[in-house]
Amino acid sequence: MTRKEWKLAAASALAGTDAPLLSAEMILRHVLGIGRVELIVHSGEELSAEERSAADRLLARRLAGEPTAYLMGSREFYGRDFAVGPAVLIPRPETEHLIDAALEFFKGRGDVRFLDLGTGSGCIALTLAAERPGWTGAAVDVSPEALAVAERNARALDPEGRVELVRADFTGDLPFPDASFDLVVSNPPYISEEEYAGLDACVRNFEPRGALVPGPTGMEHPQAVERAARRLLRGGGLFLMEHGWLQGESCRGLCSARDWTGVRTGRDYAGLDRFLYAERRI
C-alpha cells in the first residue's frame with residue numbers, strides 16, 4: 001500500500017470525525033517523521049510493514065475517539081509546539097486571547113512578574129516568557145502529573161528557568177507574598193456538571209475531568225482564582241481569566257468595584273464571551 005492509498009483509506013475510515021483527511025495525514029507524517037511537502041511529493045512510495053503497522057495502531061486509537069493531539073504527543077499553541085498527554089488539557093486557540101491581552105496591556109514593559117494558576121501543560125506561562133525575554137513568573141498546578149508535562153515543555157522552551165513551576169492548590173493558600181505579581185492569568189476548570197455531560201465523548205473520555213469540572217456550578221474555581229488574584233496582584237496589575245461562554249456576567253460579578261476597575265469581558269474567535277479582564281485598583 002502506498003502512502004497516498006493509506007491516507008485516503010484512513011480518511012474514509014475517519015469520516016464523521018473532525019477533519020478526517022488532516023487527521024490521517026498527521027498520523028502518517030508522525031509515523032514517517034516527515035513534513036507535509038515531503039509526504040505530498042513522495043505520496044506514491046510504498047509503506048513498509050512496520051510503518052503500516054504503526055500507522056494502523058494510531059488510526060485505531062483515533063477511531064476509538066482519542067484526540068489527535070494525544071496521538072501525536074503535542075499541540076501547537078501561539079506558534080510553538082507543546083508536549084501534551086492525558087494528564088493535561090489540550091491547548092485551545094481561544095486561550096491565545098489571554099496572551100494577546102497580556103502583551104498588549106504591558107506593551108513596552110520589560111520587567112513583568114506573572115503568575116499562571118492551573119498551568120497544565122504550561123502553555124500560558126511558557127508562552128509569556130518566550131514572547132517577552134525580560135518577564136519572569138510562576139506556574140501553579142495541583143497535579144504532579146500535569147507539572148511533569150509542564151517541566152518537559154519548560155526544558156524545551158524556557159532553558160533559562162524564568163518560569164518557576166510550583167505544586168500548590170490555588171483554591172487554598174498559595175506560597176507567595178501579597179501584592180507580588182503584576183499579572184495573574186488563569187484558564188481554570190469552569191465546566192459545570194450539567195455541561196460536562198453534554199461534551200463531546202472524545203473530551204469526556206480522554207481529557208482530565210479535574211481540569212474541566214471544578215464543581216456542580218462551574219464557578220467554584222473562577223471564584224477561587226479571583227480571590228487569589230485580589231491578594232497577589234500589585235495595584236495597577238492585570239487579571240485575566242478564561243471562562244465559559246455563558247459565564248461572562250457571573251465572572252464580572254466576582255470583581256467588586258472596591259477592588260477592581262476596568263472590568264470587562266473579552267470575546268473569542270467565534271464572538272462568544274470567553275475571558276475576564278480586570279485591573280487591580282491602586
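Definitions and limits used
Residues numbered from 1 in each chain as written. Predicted model: local features only at pLDDT ≥ 70, side-chain atom pairs only at ≥ 80, totals over all residues. Heavy atoms only, no water. Helix = DSSP H or I, 4+ residues; strand = E, 2+ residues; numbered from the N terminus. Buried < 20%, exposed > 50% of the residue type's maximum accessible area, 1.4 Å probe, protein only. Contact = heavy atoms within 4.5 Å. Areas by Shrake-Rupley, 256 points an atom, 1.4 Å probe, with all protein chains shown as cover. Lys, Arg positive; Asp, Glu negative; His and termini not counted. Charge placed at Lys NZ, Arg CZ, Asp CG, Glu CD. Salt bridge = Lys/Arg side-chain N within 4 Å of Asp/Glu carboxyl O. Phe/Tyr/Trp six-rings, centres within 6.5 Å; stacked < 30°, edge-to-face > 60°. Lys NZ or Arg CZ within 6 Å of the ring centre and 35° of its normal. Disulfide = S-S within 2.5 Å. Axes fitted to C-alpha atoms, helices over the stretch in contact; angles between N-to-C directions. Parallel < 35°, antiparallel > 145°, perpendicular 65-115°, else oblique. Left-handed = near helix turned anticlockwise from the far one by under 90°. Nonpolar A, V, L, I, M, F, W, Y, C, P; charged D, E, K, R; others polar.

**Q** Any chance you could explain the overall build of the protein here in plain terms?
**A** A tally of helices and strands in the protein yields twelve helices and nine strands. Judged by the C-alpha coordinates and their principal axes, the protein covers about 65 × 45 × 35 Å. With 282 residues in all, the protein has 50% of them scored as buried. Look at the contacts in the protein between residues 6 or more apart in sequence, and 67% of them connect residues 24 or more apart. With the model as given, the accessible surface of the protein reaches about 13,100 Å², and the carbon-plus-sulfur share is 50%. In the protein, 33 positive and 42 negative side-chain charges are present, and the distance between their average locations comes to 2 Å.

**Q** Is there a simple way to explain the pattern of salt bridges in this structure?
**A** Note on pairing: side chains with opposite charge can pair once their charged atoms come close. Evaluated as defined, the whole model comprises 22 salt bridges. Here Asp259 ties to Arg258 by a salt bridge, and the two come within 3.6 Å at their closest N and O atoms. On the basis of relative accessibility, which here comes to 9%, the residue Asp259 falls in the buried class. A network of salt bridges, in which partner residues are shared, links Glu226, Arg230, Arg258, Asp259 and Arg280.

**Q** What should I look at first to understand the environment of Val142 in this one?
**A** By the element assignment, Val142 lies in the loop between β4 (136-141) and α8 (144-157). As for Val142 and Tyr190, which are separated by 48 residues in sequence, their C-alpha atoms are 16 Å apart. Val142 has contacts with Arg167, Ala168 and Asp169, leaving out every residue within four places of it along the chain.

**Q** Explain the packing of aromatic side chains here, please?
**A** Two aromatic rings are characterised by how far apart their centres lie and by the angle between their planes. Within this structure, the stated rule accounts for six aromatic pairs. Between Phe77 and Phe82 the ring centres are 6.1 Å apart and the planes differ by 80 degrees, which places this aromatic pair in the edge-to-face class. A single burial state applies to Phe77 and to Phe82, both of which are buried. Here Phe106 and Trp135 contribute two aromatic rings whose centre-to-centre distance is 5.8 Å and whose plane-to-plane angle is 85 degrees, an arrangement assigned as edge-to-face. Residue Phe106 is found in the loop between α6 (96-105) and β3 (113-117), and its partner Trp135 is found in the loop between α7 (123-131) and β4; the two are separated by 29 residues along the sequence. Aromatic ring contacts, followed pair by pair, group Phe105, Phe106, Trp135 and Tyr277 into a single cluster. Across the ring face of Tyr196, the terminal group of Arg209 is positioned such that the distance to the ring centre comes to 4.9 Å. Against the face of Tyr277 rests Arg264, its NZ or CZ located 4.0 Å from the ring centre.

**Q** What's the story with the state of the cysteines in this structure? I'm lost.
**A** Per the counting criterion, the structure on display carries zero disulfides. For the unlinked cysteine Cys255, the closest cysteine sulfur is that of Cys251, found at 8.1 Å.

**Q** Help me understand the packing of helix α1 (residues 3-13) against helix α4 (residues 49-63) in this model?
**A** Working note: a packed helix pair is described by the angle between its axes plus the distance between those axes. Taken N-terminus to C-terminus, the directions of α1 and α4 make an angle of 15 degrees; their axes are 11 Å apart at the nearest point. Classified by the interaxial angle, the pair formed by α1 and α4 is roughly parallel. Relative to α4, α1 is oriented so that their crossing is right-handed. Along its contact with α1, which presents Trp6, Ala10 and Ala13, the element α4 presents Arg52, Ala55, Asp56, Leu59 and Leu63. Of the residues contributing to the contact of α1 with α4, the split by class is six nonpolar, no polar and two charged.

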